[in-house]
Amino acid sequence: MLKPLGAISLLLLTSALVAPSTALAQNAEPEQAEATEPQGPDQAVSEAENADGLSDQADEAAAPEEEQVDVSIPGGDEIVVRGYIDRNISKNAPQVVSVLSSADIERTGEGDIAGALARVTGLSVVGGGFVYVRGLGDRYSLALLNGSPLPSPEPLKRVVPLELFPTSVIASSLVQKTYSANFPGEFGGGVINLTTKAIPRENFLTIGGDIGINGETTNQLGYTYYGSSQDWSGFDNGNRDLQPLLRAYTRRGATPISSGLVDTQAIASQLVTGRNAIVQRNRNLPPNGSLSISGGTTFDIGDDATMGIIATAGFSNKWRTRDTIQQTASTLDLSQLENDFRRVITDNRIVVNSLVGFGIEAGEQKIRWTNVFIRDTLKQARLGEGTRQSLSPSATLQQQDTAWYERQLVNSQFVGEFKLSPDINLSTRVGYANSKREAPDEFSFEYFRSNIASDPYGNFFINRLNNGQQGSASVTYSYLNENLWSGGIDLSVKVTPDITTTFGYAYSEATRRVERRNFLFTAPSTFPTAVALFRPDFLLQPDVIDFYDISLIDTDESNPVFDARLLTNATYMQAQAFITPEISLNIGFRYEAAKQSVEIVPVFANQVISNATTELNNDYFLPAATLTWDINDRMKFRVSGSKTIARPQFRELIFQNFYDPESNRLFRGNPLLTDSELINAEARYEWYFDRDQRLTVAGFFKRIDKPIEAFSSFDQNSVVTSFANAPKADLYGGEIETQKYFDLSGLSDGGFFSTRRAVVIANYTYTKSKISVKAGDPVAVFGAASTSALDFFTDGSPLTGQSDHLVNLQLGLEDTERLSQQTLLLTYASERVTSRGASGQPDIKEKPGFQLDFVAREGFTVWGKEAELKFEVRNLTNTKYQEFQESGDNIVFYNRYKQGISASVGVEINF
C-alpha cells in the first residue's frame, strides 16, 4: 500500500537539501513522483526541480501550494494515484529553515539582501551588512552563494558583508538555523545560502531606475574632495596610483626608512596634491539614484535539451552625511572626557554589479555556469573639531580626512546535477572567487589652535607636523587580495523506500595577502609657525618639504605585509530515514580538517622576523541530528542537536592596526586566538494552518567553549579594539513567528476591497547570553602584561552583538488579482554590546531602537508593457544611531548621529 501523502510532503526536498549545491534555497516545482512498492510502509519521493532563476517559481517556493500529481509504481501493472503535494520548503525541509523568496524580498523594498534578511526571524544586521543569527556575531554565520563559499573584501572579516549583494541579482535566500553535516563546520548561528537568478522559462527584458532623498543629506551641506574626474563611476582614472618613488619603496627587497639611507623627502614630495587632500564643501548634496537592466532567453539545442542565458547589470550612486558626536573617556566612571569631537562625515557610495548565467537542461540532467561581479566604492571626506584633554584642555583641534575604499568581488561557479538512476543522484560543484579591497591615499590632517590670548597665533589653526603636539599629518595605503577555490561532490542513494543516504566531499582553499603602509610626516622643531598655517597641499608641497627638511616615518615598517591561508578538507555522511510514517530522522556526521596560518612577509632587504607565523591545525568530528514528528498534515514538532565550530578571522590573527571607516575605530589582531567549539540544541513546533499561513514557536540553547570576543584598550590616546578567547559562554532563548492573511472582499461589493486581502507577518526573538569568567581563568593576548581573563572580561556579560529582544512586524494590503501592495514594516532591536570597555570601563553599547518603513508597489501598463511603480519611505521614526558607554549619570557617545528620513520612487518596465 502507499504511504500517507504527508510523508511525500516531508521527503519532497530530501535530496535537494542533503547537499548545498543542489536545491537549497532554490525553488521547487512538482514533478511526477515514482516509487517502487516496498516491504512495509510505502513511500514516494518527489525530486525538487532546480528552477532557482524564476521569480514566479521563487514566489511559489515559499508557499505551501497543493497540486495534483500522478505517482507511478513501476513493476507489474502501473498504478496511478491522485494526490496532493505540499511545496512549502520551510515545512518540508528536514531542518529548520526560513525561505526569503523573491516576493518576500520585493515586499520589503530593500536594495540589498542584508536589509531584506533583517526581516527574518532571529536575524539582525550590524554595521556594514554583517548578519547576526540569534544574537551570535557574524563569525558564527556562514554565507554561501549557490552553495559555494565566498571570500570577503573586508580586512577585518572572513565573512562577506551581505550589503554587497543587490537584490536584483538574488532570486531567493534560505536561512538554515539547525546544523546538518552537508554544511561546513563553521556553523554557529546558521547558514545563509543566496541563490542567484538562473535559467528563465521565457524570454524577458526589464529596465528600471529610482531616485531618492534623505532629510539629513540631500540638498544639505556635506563634504567631498576632487579625487579624479571619474569618481562618479566608482573607478579611479589613475590619480590614486602609487607614485613612482613610493612604489619603488614598497617593492620587496627595498631599504627601510629607519636605516637613514632613504630619501624620504623625495617620496613625500610626490604624495600630497590638491586633488587628494583638500576637503571641499558641497552645500547642496545631490539625490541618490540607481539604474538596472536584466534580460534572459531560452532556446532548444536538441530534442530534449534546453539552454538558457540570463544577464543583469546595475549601477547606483548614493550619498550619506553623518553629523556625529565621537567621544572617549579617560576615567573608569566616565566622568572625564579624553576626546570630545564633532565630525561631519560624507560618504559617496557607488555600486556596480553584473551577473551572467548559462544553463543547460537535458531531461533530468542539469548544468549551470554563473558569474557575478560586484564593485562597491566608498569616497569619504571627514571634517571635525574637538578637544583632547591630555594634550591641552583649552586647545581646539581640527581634523580633516579624505579616503577612497574600493571593494570588489568576482565569483564564477559551475554546478552539475545528474540523475544516474531512479534511486541515485550525483551533484558536483566547482567555484572560484576573488575579492579585493584597495584604499589608496587615506590622508589625515590634524590642526591645532591654542585659544590663548597671549599667543599671536592663538586664534588660528596651525599644523607644525610634530606628531600631534601641535598638529600632525599622515597617509595610509592598504591593499587586500583574496583567492578562494572550492569544490565538492555529493552522491545521494535511496537505499530503501524509507531511507536515503548521502555521501559527500568538500574542499576549499582561501589565500589572502594584506598590505598596509602608514607614513607620518614630521618636521623639525625649527619649523616656522607662519608656514604651519598653510592648508594641506601647500603645507606639504615639494618646495616646503625640501626647504624645511620634512621627512617621513614608516610606522608599519616592522610588519607591513601578511599572507594568510585556510585549507579545509571535509567528508560527510547523512541519512534521512522514516522511523514510522509520522516520525523521520535526519542524522549525519562530518569530519573536517583545517589548516589556518597567518605569516608576516619580510619586505625589506636582510629583514629578520621572529615568530613570523601563526598556525592553527585542527580537525573535528561534527555530529548532527534532527528528529521530526508529523503530528498531522499541518503540524510538526522538531528536536535537533549538533556540534559546530568557529575559527578566528584572518585579520583577527594579525597584530597590525586597521582603521574601519564604518565604525570610525581602530582594530588590532591577536595572534594567540584559537578556535571556538559550540554545542547546539533546539526544539520547535510548527503549525501551517492554511496556505501561506503559519505559526512557529522554538526554543534554543548554545554552549560556546572559548568564544572570541572583542575588547578595547587605550593606545596613545586612541581606543583600539582587539580580540581574545573568553573562557566560556552560554546563549539561550526562544522565538515565535506568524503569518496570517485576512480576506477583505466582504468589506465592499465590487469596490476597493473586493479583490484585496490584509497580511500580518510578525516575529519575535528573545535571546540571553552570558560569559562565564572566574578567578584563575587564563587569557592569551599578544603583547599584554596580564594573563587573567578577569582583566578583559566581566562574568555574566552578554556576548558582543547580541540583543535581548528582536521584533519584526509587517502590516500590509495587497491585491489578489494584480500587483498592488502597501506595507508598513516595523523593526526593533534592544541594546547590544559592540565592544568591551577599555581598561575596566563599562562596555560599549549600541541602541538600534525602533525603525518604521513604508513600501508601496503598484503595477500599471505603459506603451502596452507591464510596469511597476515603487515608493518607499525609510526610518519614519527618525531614529538616531547611538553607540555609547554609560556609568550612572555619566554617558559617553562613541558615535551618535541622526540617520534621517529617506524616501525614494522607482519605476521598472518589462519589455
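Quick note: structure is the one above.
Residues numbered from 1 in each chain as written. Predicted model: local features only at pLDDT ≥ 70, side-chain atom pairs only at ≥ 80, totals over all residues. Heavy atoms only, no water.

A. Seen up close, the pattern of salt bridges. Scanning the model with the defined rule gives 41 salt bridges in all. Ionic pairing is found between Glu737 and Arg694, a salt bridge with its closest N-O pair at 2.9 Å. Here Arg694 lies in strand β30 (residues 693-705) and Glu737 lies in strand β33 (residues 728-743), a separation of 43 residues in the sequence. Among the residues examined, Glu737 registers a relative accessible area of 10% and is labelled buried. Overlapping salt bridges bring together Lys177, Arg638, Glu682, Arg684, Glu686 and Glu735 as one network. (Salt bridge = Lys/Arg side-chain N within 4 Å of Asp/Glu carboxyl O. Helix = DSSP H or I, 4+ residues; strand = E, 2+ residues; numbered from the N terminus. Buried < 20%, exposed > 50% of the residue type's maximum accessible area, 1.4 Å probe, protein only.)

B. Highlighting a nonpolar patch on the surface. Taken together, the side chains of Ile211, Phe860, Leu869, Phe871, Val905 and Val907 present a nonpolar region at the surface, about 460 Å² in accessible area. Relative to the helices and strands, Ile211 resides in strand β11 (residues 204-214). (Patch = residues over 30% accessible without salt bridge, like charges linked within 9 Å, V, L, I, M, F, W, Y side chains within 5 Å. Areas by Shrake-Rupley, 256 points an atom, 1.4 Å probe, with all protein chains shown as cover.)

C. Focus on the environment of Gly386. As for its position among the elements, Gly386 is in strand β17 (residues 365-388). Accessibility expressed as a relative area gives 9% for Gly386, which makes it buried. Setting aside residues no more than four positions away along its own chain, Gly386 makes contact with Asp340, Phe341, Ala395, Thr396 and Leu397. (Contact = heavy atoms within 4.5 Å.)

D. View of the packing of aromatic side chains. Evaluated as defined, the whole model comprises 20 aromatic pairs. An angle of 25° between the planes, with centres 5.2 Å apart, marks the rings of Phe589 and Phe621 as stacked. Within this pair, whereas Phe589 is found in strand β24 (residues 583-600), its partner Phe621 is found in strand β25 (residues 613-630), the two being separated by 32 residues in sequence. The exposure class of Phe589 is partly exposed, given its relative accessible area of 33%. Taking the relative accessible area as the measure of exposure, Phe621 reaches 47% and is therefore partly exposed. Ring pairing ties together the aromatic residues Tyr249, Tyr477, Phe519 and Phe604, which thus form one cluster. Across the ring face of Tyr897, the terminal group of Arg322 is positioned such that the distance to the ring centre comes to 5.7 Å. Here Lys740 stacks its cationic end above the ring of Phe742, 5.6 Å away from the centre of that ring. (Phe/Tyr/Trp six-rings, centres within 6.5 Å; stacked < 30°, edge-to-face > 60°. Lys NZ or Arg CZ within 6 Å of the ring centre and 35° of its normal.)

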